[in-house]
Amino acid sequence: MKIPTFAGLLSAIALASAGPAFGQAQLAVTCVPVSERAGRELGCYIIAHQPVGRLNASTAFWHLDRFPSRAVADAAKGSTGVVVEALGATWLLTIGEARWKATGGERVATIGPLQVDANASYAAQYMEAVFQPGMKSSVHRHSGPEAWYTLSGETCLETPEGTMVGRAGGTHVIVPHGPPMELTATGTVVRRALVLILHDSSQPPTSREPIWVPKGLCR
């Protein structure tokens, strides 16, 4: 899989950007910058890449706040936050301590703890993922923890340790730095999610895994 130049410092998760009806074979494509969306609904789109720096702690948290407008969200943004328009809403996405609070807006979720190296410098890559049941990622791994917040549908992630499932309604998935993985959209509803890779800024966020073979546990 060839990673686009812009995304070379971002993500190589491969998801289908368009495909046939549920239950049919899916084509896998690379996540692309949202500027290349070209009106497509289905796919994996990189919506922001935010330098975070050294966290000076062994854990961090991902805060998701929804705002009525970009102007209000921008006014509440801190140094480790970014404002994005995704999935029909304006979001302030922030990496911080567990007790961090935005001024105004609606706190939708706090996801963590994310295990990090206190001595490393980090960057946050954010993606919007919209795909139908049966779509899969490539087999890959990350240079930092990954997490996602699911607004609809469900996703099953297989690693050598087994499976984890993220569903709408508060079942969040956190994957630590390192293990190989394959992601599959499961269930019967289109999965819509915001995705974070909090990666070591000196390394690409994602790399392909050429050796580990999934057992097909996500169905």
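The rules behind the values
Residues numbered from 1 in each chain as written. Predicted model: local features only at pLDDT ≥ 70, side-chain atom pairs only at ≥ 80, totals over all residues. Heavy atoms only, no water. Pairing = 2+ DSSP bridges. Helix = DSSP H or I, 4+ residues; strand = E, 2+ residues; numbered from the N terminus. Axes fitted to C-alpha atoms, helices over the stretch in contact; angles between N-to-C directions. Polar contact = N/O pair within 3.5 Å; in protein donor to acceptor, adjacent residues only side chain to side chain. Contact = heavy atoms within 4.5 Å. Buried < 20%, exposed > 50% of the residue type's maximum accessible area, 1.4 Å probe, protein only. Salt bridge = Lys/Arg side-chain N within 4 Å of Asp/Glu carboxyl O. pLDDT = per-residue confidence, 0-100.

Colleague: Break down the sheet that holds strand S15 (residues 182-186) for me, citing the residues and quoting the values.
Modeller: Within a sheet, each strand pairs with its neighbour through backbone hydrogen bonds, oriented either parallel or antiparallel. Strand order in the open sheet formed by three strands is S13-S12-S15, with antiparallel pairing between adjacent strands. Lying at the two open borders of the sheet, with one neighbouring strand each, are strand S13 (162-167) and S15. Neighbour to neighbour, the strand axes of the sheet diverge by 25 degrees on average, direction disregarded. The pairing of strand S12 (residues 154-159) with S13 spans six bridges and is antiparallel.

Colleague: Account for the side chain of Thr-155, with residues named and values stated.
Modeller: Structurally, the position occupied by Thr-155 is in strand S12. Within the local environment of Thr-155, its side chain forms a polar contact with the side chain of Arg-191, the two groups lying 2.5 Å apart. Setting aside residues up to four positions removed in sequence, Thr-155 forms contacts with Phe-131, Trp-148, Met-164, Val-165, Gly-166, Leu-183, Thr-184, Ala-185, Thr-186 and Arg-191.

Colleague: Can you break down the pairing of strand S16 (residues 191-200) residue by residue, with the values?
Modeller: The buried count for S16 comes to nine of ten residues, which makes it a mostly enclosed element. Note: strand S9 (residues 121-131) against S16, ten bridges, orientation antiparallel. Directly across from Val-130, in S16, lies its bridge partner Arg-192. With six bridges joining them, strand S11 (residues 146-152) and S16 adopt antiparallel strand pairing.

Colleague: Run through the pattern of salt bridges, naming residues and quoting values.
Modeller: Enumeration over the complete set of coordinates arrives at eight salt bridges. Arg-37 serves as the salt-bridge partner of Glu-128, at 3.0 Å between the closest nitrogen and oxygen. In this pair, Glu-128 sits in strand S9 while Arg-37 sits in the loop between strand S3 (32-33) and strand S4 (43-54), placing the two residues 91 residues apart along the sequence. When sorted by exposure, Glu-128 lands in the same class as Arg-37, which is buried. Where Asp-65 meets Arg-107, a salt bridge forms, and the shortest distance between an N and an O atom there is 2.8 Å. In this pair, Asp-65 sits in strand S5 (residues 59-67) while Arg-107 sits in strand S8 (residues 106-115), placing the two residues 42 residues apart along the sequence.

Colleague: How would you summarise the confidence of the model for the protein chain if you had to cite specific residues and measurements?
Modeller: Model confidence for the protein chain is summarised by a mean pLDDT of 86, while 86% of its residues fall at 70 or above. Overall, residues 1-25 carries pLDDT values under 50, and its contacts beyond four positions in sequence, including any with other chains, amount to 88 contacts.

Colleague: Explain the sheet that holds S8 to me, and be specific about the residues and the numbers.
Modeller: The strand order S6-S7-S5-S8 describes an open sheet built from four strands, whose pairing is antiparallel. Only two strands of the sheet have a single partner each, and these edge strands are strand S6 (81-86) and S8. The sheet shows a mean angle of 20 degrees between the axes of neighbouring strands, direction not considered. Where S5 meets S8, seven bridges bridge the pair, whose relative direction is antiparallel. Across the sheet, residue Asp-65 finds its bridge partner in S8, namely Arg-107.

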